Amino acid sequence: GMRVERNALEQVVDATRGDIRQILNLMQMWKKKKDNLNYSDAKFKMGKNSGKDFDLGPFDVIGKVFTPDFKKGFVIRKSEPYFVDFSLMPLMVEENYLGVRRFANSPLADKSKRADVQELEALAMAATSFSDADLCDTQLRRNQDYSLMPYHAAFTCVI
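Residues numbered from 1 in each chain as written. Predicted model: local features only at pLDDT ≥ 70, side-chain atom pairs only at ≥ 80, totals over all residues. Heavy atoms only, no water.

(A) Region of interest: the packing of aromatic side chains. The final tally for this structure, using the stated rule, is four aromatic pairs. The interplanar angle of 90 degrees and the centroid separation of 4.9 Å between the aromatic rings of Y82 and F83 together place this pair among those described as edge-to-face. When the ring of Y82 is compared with that of F86, the centres are 6.4 Å apart and the planes differ by 50 degrees; the resulting orientation is tilted. Following the ring pairs from residue to residue traces out a cluster consisting of Y82, F83, F86 and Y146. (Phe/Tyr/Trp six-rings, centres within 6.5 Å; stacked < 30°, edge-to-face > 60°.)

(B) Expanded view of the packing of helix α8 (residues 115-143) against helix α9 (residues 149-157). Where α8 contacts α9, the axes come no closer than 8 Å and their chain directions differ by 155 degrees. Between α8 and α9, the angle falls in the class roughly antiparallel. For the pair α8 and α9, the crossing hand works out as left-handed. Contacts between α8 and α9 involve S129, F130, D132, A133, C136, D137 and L140 from the first element and M149, Y151, H152, F155 and T156 from the second. (Axes fitted to C-alpha atoms, helices over the stretch in contact; angles between N-to-C directions. Helix = DSSP H or I, 4+ residues; strand = E, 2+ residues; numbered from the N terminus. Parallel < 35°, antiparallel > 145°, perpendicular 65-115°, else oblique. Left-handed = near helix turned anticlockwise from the far one by under 90°. Contact = heavy atoms within 4.5 Å.)

(C) Spatial organisation of a nonpolar patch on the surface. There is a patch of nonpolar side chains on the surface, built from V4, L9 and V13 and spanning about 190 Å² of accessible area. Along the polypeptide, L9 turns up in helix α1 (residues 6-15). Of the residues examined, L9 reaches a relative accessible area of 38% and is grouped as partly exposed. (Patch = residues over 30% accessible without salt bridge, like charges linked within 9 Å, V, L, I, M, F, W, Y side chains within 5 Å. Areas by Shrake-Rupley, 256 points an atom, 1.4 Å probe, with all protein chains shown as cover. Salt bridge = Lys/Arg side-chain N within 4 Å of Asp/Glu carboxyl O. Buried < 20%, exposed > 50% of the residue type's maximum accessible area, 1.4 Å probe, protein only.)

(D) Structural view of the nonpolar core. In terms of nonpolar packing, the biggest core is built from 19 residues, with F66, Y82 and V93 touching the most fellow members. Going through the elements one at a time, α5 (58-66), α7 (89-96), α8 and α9 are the ones with two or more residues in this core. Considering every element that reaches this core, the biggest residue donor is α5, with four residues. (Core = buried A, V, L, I, M, F, W, Y, C linked by side-chain atoms within 4.5 Å.)

Below you can see the structure in the form of structure tokens.
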């Protein structure tokens, strides 16, 4: 088990706005490093996130995944929405990616190819990425190997 001070738990509950899924996810990740959680640790860990990930829900951040962004550091920015709800975000992206026009003004567009061919190629690459993400998710959940989460985020949200 894990020993958690009452005021530390209250800090986590307040920061996550009572979202039991996030609370359990955080506790599982923290348990891998320590067997106890005191108030100062909880305050530091929750303060480190600045409440950013806990104030927004998946419906608030799904647009960030589909907004064109190719500036330096875009992989990290595109991965951030995944960590709002790592169970739901991949499903939301997979459900909605077909309706997004990817290559309209993209710097990745190849002027020598027809736009519709490029669109089909992009959709095929996205489908392959979702397939890889499913394999990653299976290992993540089967082995509780949360170190795979950044890879899962990249496969699902950086499309």
